[in-house]
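Structural overview
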Amino acid sequence: MKKGYGYVLAVLLLPLMMGMGSMTGNGTPDKVPVAEKKFNATFIDEMDIITRCTDVSIEGKTYIEGRRGKGIYTIPFEEIKSVTFLSKGDELRVLVRLRNQNTDELILDADRKAYGRTGHGTFQIRLGDIKKMTLED
């Protein structure tokens, strides 16, 4: 009876254990969150690698969301020319340069991810690993 119990347990647990890979948050490499609007951007990461992308979003959204003082700000991609990532200590500070030449400084969640498509496949990067993001006209 113990042999049969172990076999049944293995058959029941194997599918669960195989599915746990998707719980790590990495997702499949061919999946990019689909945003309502299409934006192109160029990313420069901490290693000075330049990546040009289409279908760019941050966690599927086409705006930057961050703290400023006690408030939460959202700035749509339509209004953003570039984002420079200033510090990587306990908090991720960014300088958002707007198309009207004004700037805003925000504090972002460094663990959120930006997504896009390249000519060779998909792209994803933690916001904390970006040096600069430039949205194309």
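A few points on the structure. The structure presented is a predicted model; accordingly, all values stated were derived computationally and were not measured.

What counts as what
Residues numbered from 1 in each chain as written. Predicted model: local features only at pLDDT ≥ 70, side-chain atom pairs only at ≥ 80, totals over all residues. Heavy atoms only, no water. Helix = DSSP H or I, 4+ residues; strand = E, 2+ residues; numbered from the N terminus. Buried < 20%, exposed > 50% of the residue type's maximum accessible area, 1.4 Å probe, protein only. Contact = heavy atoms within 4.5 Å. Areas by Shrake-Rupley, 256 points an atom, 1.4 Å probe, with all protein chains shown as cover. Phe/Tyr/Trp six-rings, centres within 6.5 Å; stacked < 30°, edge-to-face > 60°. Core = buried A, V, L, I, M, F, W, Y, C linked by side-chain atoms within 4.5 Å.

1. Quick look at the overall build of the protein chain
When its secondary structure is counted, the protein chain shows one helix and 10 strands. Looking at the 137 residues of the protein chain, the share that counts as buried comes to 30%. Partitioning the contacts of the protein chain with sequence separation of at least 6, the portion at a separation of at least 24 is 50%. When the accessible surface of the protein chain is summed, it comes to about 9300 Å², and 56% of that surface belongs to carbon and sulfur atoms.

2. Structural notes on the packing of aromatic side chains
Each pair of aromatic rings is reported with the distance of its centres and the angle of its planes. In total, this model carries two aromatic pairs according to the counting rule given. On the basis of an interplanar angle of 85 degrees and a centroid distance of 5.4 Å, the ring pair of F39 and F77 is categorised as edge-to-face. Of this pair, F39 sits in the loop between helix 1 (2–19) and strand 1 (41–45) while F77 sits in the loop between strand 4 (71–76) and strand 5 (80–87), placing them 38 residues apart in sequence. For F77, a relative accessible area of 0% gives the class buried. With a centroid separation of 5.4 Å and 40 degrees between ring planes, the pair formed by F43 and F123 is classed as tilted. Of the two residues, F43 sits in strand 1 while F123 sits in strand 9 (residues 122–126), which places them 80 residues apart along the sequence. Each member of the pair F43 and F123 is classed as buried.

3. Points about unusual backbone geometry
A positive phi angle, near 55 degrees, is found at E59, a position not held by glycine. The backbone of Q101 sits at a positive phi, close to 75 degrees, despite the residue not being glycine. Structurally, Q101 can be placed in the loop between strand 6 (92–98) and strand 7 (103–108).

4. Regarding the environment of N40
Tracing the chain through its elements places N40 in the loop between helix 1 and strand 1. Considering only alpha carbons, one finds N40 and D55, 15 residues apart in sequence, at a separation of 6.1 Å. Non-local contacts of N40, meaning those with residues more than four positions away in its chain, are made with C53, T54, D55, V56, T134, L135 and E136.

5. Notes on the side chain of T51
Residue placement: T51 occurs in strand 2 (residues 50–58). Among residues more than four places away in sequence, those in contact with T51 are A41, T42, F43, T118 and F123.

6. What about the nonpolar core?
F43, I64, F77, I80, F85 and M133 are the most contacted members of the largest nonpolar core, which totals 25 residues. Of all elements in the fold, only strand 1, strand 2, strand 5, strand 6, strand 7, strand 9 and strand 10 (130–135) reach the threshold of two or more residues within this core. The greatest single-element share of this core, amounting to four residues, is contributed by strand 6. Beyond its immediate chain neighbours, meaning those up to four positions away, F77 contacts F39, V56, S57, I58, K61, T62, Y63, I64, M133 and L135.

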